[in-house]
Amino acid sequence: MQWDKVKNVLIGILLAVNLFLLGNLGFRLWQNYSRASGLDADLRALVSGCGSTLADSFRLPEDVFLPELNLDRSRADEENAASVMLGADMERTELEDGTVRFQSGDGTVTWYADGRVNGVCPIPGETPDDETSAIRAARKCFSEWGLAGDGASYQVSGFSVTQTAPVANRPVHNRELTLTFNADGTATLSGTWSFGTPYTTVTGRGADCRAADALLQFASSLEAGETIRSMTAGYRMQMDSSRRLQLIPTWKIVTDRTDYFMDCDKKTLVTL
């Protein structure tokens, strides 16, 4: 009998503790929601004061620290891709600026030191006749050529398919390849791409991507009347003075007129 009373007391204590923890969690969630709602309202008012607006669907992303990364150019991967596209009889020509051109009777492929590539080659299969078959054919081409990206996404417009793929689980805003299928059975490739795994050379070197600060800085530079739809923290791929490929932390800000890119550290607009 005594034990039953003890059990009831213990159960009561546990229920009280659980209710306290649940109430504390609910209060914290309410606080976070109120804080987020207040910040959203303040940002909308400030952006409006700059002459622009935030779309109803706009959500401020979380602040994040992105390290500055480096990439090594892989001439072997470039040549392997070209050999599949053009055949084993291709010829290789390298220029002083680091440009490498591959050519055969089937077409040409040119890789540049900054990661850009363009070329024309035969389609491995039938020419697609609609957008669905164009995506399917493009995925097959990228895979066979060694240009498929992990986590890749695809956009199609007519017979042009654009592949984008993240690096280090973050979008690289100018890392994309566009494959256009031509009526003569060839495909035209263009874009900017990279191979291998990025790495850091200086620990701690990078940028604090503070969303609210970047948004207000951006809004102050906009022409009146634009509506900001979204912003995404990621990278841009560029070549430094030593011809090394770097991934620089960069915001992509989408408005109802165009896409803008802002350096996360300098808070300045950049051109990709």
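Summarised in this report is the structure supplied together with it.

### Focus on unusual backbone geometry
With phi around 65°, N169 is a residue other than glycine that occupies positive phi space. Positive phi is not limited to glycine here, since K267 has a value of about 60°. Secondary-structure assignment places K267 in the segment after β15 (259–263).

### Description of the pairing of strand β8 (residues 153–157)
Looking at chain direction, β8 and strand β9 (residues 160–164) are connected through 5 bridges and run antiparallel. Residue pairing across strands places S157 opposite S160, the latter belonging to β9. Following β8, the chain reverses through 2 residues before pairing antiparallel with β9; G158 in that reversal takes a positive phi of roughly 70°.

### Remarks on the pattern of salt bridges
Taken as a whole and assessed by the stated rule, the structure comprises 11 salt bridges. For R116, the salt bridge is made with D114, and the minimal N-O distance between the two is 2.9 Å. Ionic contacts of the salt-bridge type, sharing partners, join the residues R75, E79, R92 and E94 into one network.

### Regarding the environment of R44
Assignment of secondary structure puts R44 in helix α1 (residues 2–49). Residue classification places R44 among the partly exposed residues on the basis of a relative accessible area of 23%. Separated by 172 residues in the primary sequence, R44 and L216 have C-alpha atoms spaced 9.9 Å apart. Non-local contacts of R44, meaning those with residues more than four positions away in its chain, are made with L54, A55, D56, F58 and R59.

### Some details on the nonpolar core
Membership of the largest hydrophobic core comes to 29 residues, with the highest contact counts inside it found for L54, C209, L215, I228, M231, L247 and W251. If you list the elements that add at least two residues to this core, you get α1, β2 (64–67), β3 (69–71), β12 (206–209), α4 (211–221), β13 (227–239) and β14 (245–255). The next biggest cluster of nonpolar side chains, apart from the first, holds 28 residues, and it includes M85, V109, C141 and L147.

### Let's talk about α4
Turning to α4, its buried residues number three or more, namely A211, A214, L215, F218 and A219. One face of α4 carries all of its buried residues, which in axial projection span an arc of 130°.

### Thoughts on a negative patch on the surface
Residues E62, D63, D208, D213 and D265 make up a contiguous surface patch of negative charge. Its location among the elements puts E62 in the loop between β1 (53–54) and β2.

### Some details on the sheet that holds strand β6 (residues 107–111)
If you trace the 8 strands from one edge of the open sheet to the other, you get β4-β5-β6-β7-β11-β10-β9-β8, paired in antiparallel fashion. Every interior strand has two partners, whereas the edge strands, β4 (91–94) and β8, have only one. Pairwise comparison of adjacent strand axes, ignoring direction, gives a mean angle of 15° for this sheet. Two elements, β6 and strand β7 (residues 116–122), share 4 bridges in a ladder whose sense is antiparallel. In the strand pairing of β7, T108 is matched with V120. Of the strands in this sheet, β4, β5 (100–104), β6, β7 and β11 (186–192) touch helix α2 (residues 75–86), which is tilted by about 20° from β5.

Criteria and cut-off values
Residues numbered from 1 in each chain as written. Predicted model: local features only at pLDDT ≥ 70, side-chain atom pairs only at ≥ 80, totals over all residues. Heavy atoms only, no water. Helix = DSSP H or I, 4+ residues; strand = E, 2+ residues; numbered from the N terminus. Pairing = 2+ DSSP bridges. Salt bridge = Lys/Arg side-chain N within 4 Å of Asp/Glu carboxyl O. Buried < 20%, exposed > 50% of the residue type's maximum accessible area, 1.4 Å probe, protein only. Contact = heavy atoms within 4.5 Å. Core = buried A, V, L, I, M, F, W, Y, C linked by side-chain atoms within 4.5 Å. Arc of directions from axis to C-beta. Patch = residues over 30% accessible without salt bridge, like charges linked within 9 Å, V, L, I, M, F, W, Y side chains within 5 Å. Areas by Shrake-Rupley, 256 points an atom, 1.4 Å probe, with all protein chains shown as cover. Lys, Arg positive; Asp, Glu negative; His and termini not counted. Charge placed at Lys NZ, Arg CZ, Asp CG, Glu CD. Axes fitted to C-alpha atoms, helices over the stretch in contact; angles between N-to-C directions.

Honestly, it's all geometry; don't read function into it.
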